[in-house]
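Below are the chains, spelled out letter by letter.
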Amino acid sequence: MFAGPLQRLVDELSKLPGIGPKSAQRVAFYILKISGAEARSLTEAIVEVKDRVRLCERCFNVADTELCEFCRDSRRDSTVICVVQEPPDIIAIERTREYRGLYHVLQGAISPIEGVGPDDLRIKELLARIHRPAEGNEPVIEVIVATNPNTEGDATAMYLDRLLSPLGLRVTRLASGLPVGGDLEYADEVTLGRALGGRRRMSP
Amino acid sequence: MRVENVELEDFRNYRSAHVELAEGVNLIVGRNAQGKTNLLEAVHCLSGLGSPRAADSALVRDGSERALLHALVLRGDRRLAVDMEIRPGRGTRALINKTPLSGSRALSALTTSVFFGPDELSLVKGSPDGRRRFLDELVVKLRPARDGLRREWERVLKQRNSLLRTAPRSKSTALPTLDVWDESLCRVGAALAAARLEVLAALLPYALKRYEAIAGGGRIELAYVSSWIDQDFTEEALGDPDTVAAPALAGMLKRGIDEIRQRELERGMSLIGPQRDDVSVSLQAGVDNPTMLDARTYASQGDQRTSALALKLAEHDLLTERLDDRPLLLLDDVFSELDPGRRQWLGDAIRSMGQALVSSAEPGATEAARAECVIEVAGGKAVVGSARNG
């Protein structure tokens, strides 16, 4: 146990994800050493992110205005919506520079263990976007489900498929398989097995 | 596959030991509590399968933070130097020829062993879970791509059970997602059951042969017991597990859970599926009596042990055929439980099964095993006693 304020900082820090009691102690002692200006800059950054950053009203990506940069961008293809679990997933897809459509962030995946059902996700809002495209947007033709390739992500994808396919939309799921540029020899058996199961004919 | 030598450092009661192994049968002798089983356990760990009996923390010598294992393995024309560091709580690191592997399980693709010890009696005598685990582990040894299947199944089951438990009691609209979990349950459950049925069907002919030989006649029967698989399904199951068996099984599981939906909601848990299945082991009542009796309830302790041994030897046979290589055979303290006739038979049988490590506290075992190499273990030290005495 440390003097009051220091212990409070350790306690606060250890609430953060990925930070245990020992890391929290290390960070707290580091903060104790930095200058007052640096400390203020850190606290301001934390307060500012809470004040200024919010969720996009349309797609629930992080944004600093009502709409995020993708929903604001009229050059993007509004007939395709890519559904992801969390905002960082968008950054991953954007890095490919292959996708020109819009996004929708569910803010999680269906997981009864954690008490997360469809109502806790932004699924109603997704349906609203499909039924009533925003002004200037084309009707949606395709929904790409890019939830994580695990038990919960797969269940969420299946749920969305059951919900959206009857509306006459094209519902697609990201393929799973081998990392490109790597050696087949080093692929793990589970991934390679899935890739083998989902193999494709080369010439149509 | 052949292990030339093994080195142990801070493993169980070994501070440091180097053991040279011969090509055929290696007999490990010594009084009780000297480290015979620990030596077998170390070799089992080195084949990427972890300990057959304990958690990692138990493997490290008292007062040490990690245990080190090394082995030189010959596989075909390849010489593999295997290094393994067991760090409780921080996982196990494995290297082959100084190249790190992604996980210690990856080792089992290169080196495989079959372990039989006193606890393996539970294969016949114990709860269904042990028999399910036996099949599931064999599935992964034969088809490594199935490695996530059991974990995925457990995850889906846990999620579905959680939903069944909470949804009817809360106002949440989560219940409609039950259909989605049903679909996952049927898909993954059917894949798991199909893989088990395939392995069991492949194992059966070897088990029959081994049991008949060791028991001097008589028959063993293995059957997959399940409340949701149609009685007449067995022949179809021998078709391709992925394209024929699994889709058919998924349909059966779906019909099954549809029928008991209400009961599952009341009880708040999944009531049918691979988590409740079992393998029944039956033995012929006598050499002249063709009646088949359940081994778990009717067989003597000796017959139970013999049938468990037959299953393990059959596993060795099946792996030898499918992997085109003989797995290492690890027999812990088996001779003491067998009568002289069966002891003799086992001694003869293992001589044609490639490299084997056999432990025994009994002097009589030495004759039965006719070992190439006798290793004497005392107080965490292993000494190669006498070479080839047969």
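Scroll up for the structure.
Residue indices follow the written sequence of each chain, beginning from 1 at its first position. Going through the entries in the order they are written, you letter the chains from A and number the ligands from 1. The predicted nature of this model means local features are confined to residues of pLDDT at least 70 and side-chain atom pairs, given and counted, to a pLDDT of 80 or more, with totals for whole chains, interfaces and linings taken over all residues. Side-chain measures were taken over the full set of non-hydrogen atoms in the model, leaving aside hydrogen atoms and water.

Participant: What's the story with the side chain of Asn61(A) in this structure? I'm lost.
Facilitator: Residues and elements named next belong to chain A. Helix numbering and strand numbering both begin at the N terminus, where a helix is a DSSP run of H or I of at least 4 residues and a strand a DSSP run of E of at least 2. Here Asn61 lies in the loop between β1 (54-55) and β2 (62-63). Only protein chains enter the calculation, and the probe is 1.4 Å; a residue is then buried if its accessible area is under 20% of its type maximum, exposed if over 50%, and partly exposed in between. What makes Asn61 buried here is its relative accessible area of 5%. We call two residues in contact when some of their heavy atoms are within 4.5 Å. Sequence-distant contacts of Asn61, that is, excluding residues within four places in its chain, are made with Arg54, Leu55, Cys56, Cys68, Phe70, Pro87, Ile90 and Val105.

Participant: Just checking my understanding: could you explain the environment of Leu313(B) for this structure?
Facilitator: All names here are of chain B. Relative to the helices and strands, Leu313 is located in helix α10 (residues 301-323). We classify Leu313 as buried; its relative accessible area is 1%. Distance from Leu313 to Tyr206, taken between C-alpha atoms, is 8.1 Å for residues 107 residues apart in sequence. Those residues in contact with Leu313 that sit more than four places away from it in its chain are Arg210, Leu329, Trp345, Leu346 and Met353.

Participant: Sorry, what's going on with the packing of helix α5 (residues 178-215) of chain B against helix α7 (residues 241-259) of chain B here?
Facilitator: Residues and elements named next belong to chain B. α7 packs onto α5 with a crossing angle of 130° between their chain directions and a minimal axis gap of 8 Å. Classed by the angle they form, the pair α5 and α7 counts as oblique. Between α5 and α7 the crossing geometry is right-handed. Residues Asp182, Leu185, Cys186, Gly189, Ala190, Ala191, Ala193, Ala194, Leu197 and Glu198 of α5 lie in contact with α7, whose contacting residues are Pro241, Ala245, Ala246, Leu249, Ala250, Leu253, Lys254 and Ile257. Axes here mean lines fitted to C-alpha atoms, for a helix over just the part in contact, with angles spanning 0 to 180 degrees between N-to-C directions. By definition in this entry, angles of less than 35 degrees are roughly parallel, angles greater than 145 are roughly antiparallel, angles of 65 to 115 are roughly perpendicular, and the rest are oblique. Handedness of a crossing follows from how the near helix is turned relative to the far one, being left-handed for an anticlockwise turn of less than a right angle and right-handed for a clockwise one.

Participant: It is not clear to me how the packing of helix α6 (residues 123-131) of chain A against helix α7 (residues 151-164) of chain A should be interpreted in this structure. Could you clarify?
Facilitator: Angle between the axes and distance between the axes are the two parameters that describe a pair of packed helices. All names here are of chain A. Put simply, α6 and α7 touch, their axes get as near as 12 Å, and they point 35° apart. With respect to the hand of their crossing, α6 and α7 are arranged in right-handed fashion. Contacts between α6 and α7 involve Ile123, Leu126, Leu127 and Ile130 from the former and Tyr159, Leu160, Leu163 and Leu164 from the latter. Taken together, the residues that form the contact of α6 with α7 break down as 8 nonpolar, no polar and no charged. Residue type decides the class: Asp, Glu, Lys and Arg count as charged, Ala, Val, Leu, Ile, Met, Phe, Trp, Tyr, Cys and Pro as nonpolar, and the leftover types, Gly among them, as polar.

Purely spatial values, then, with no claim about function.
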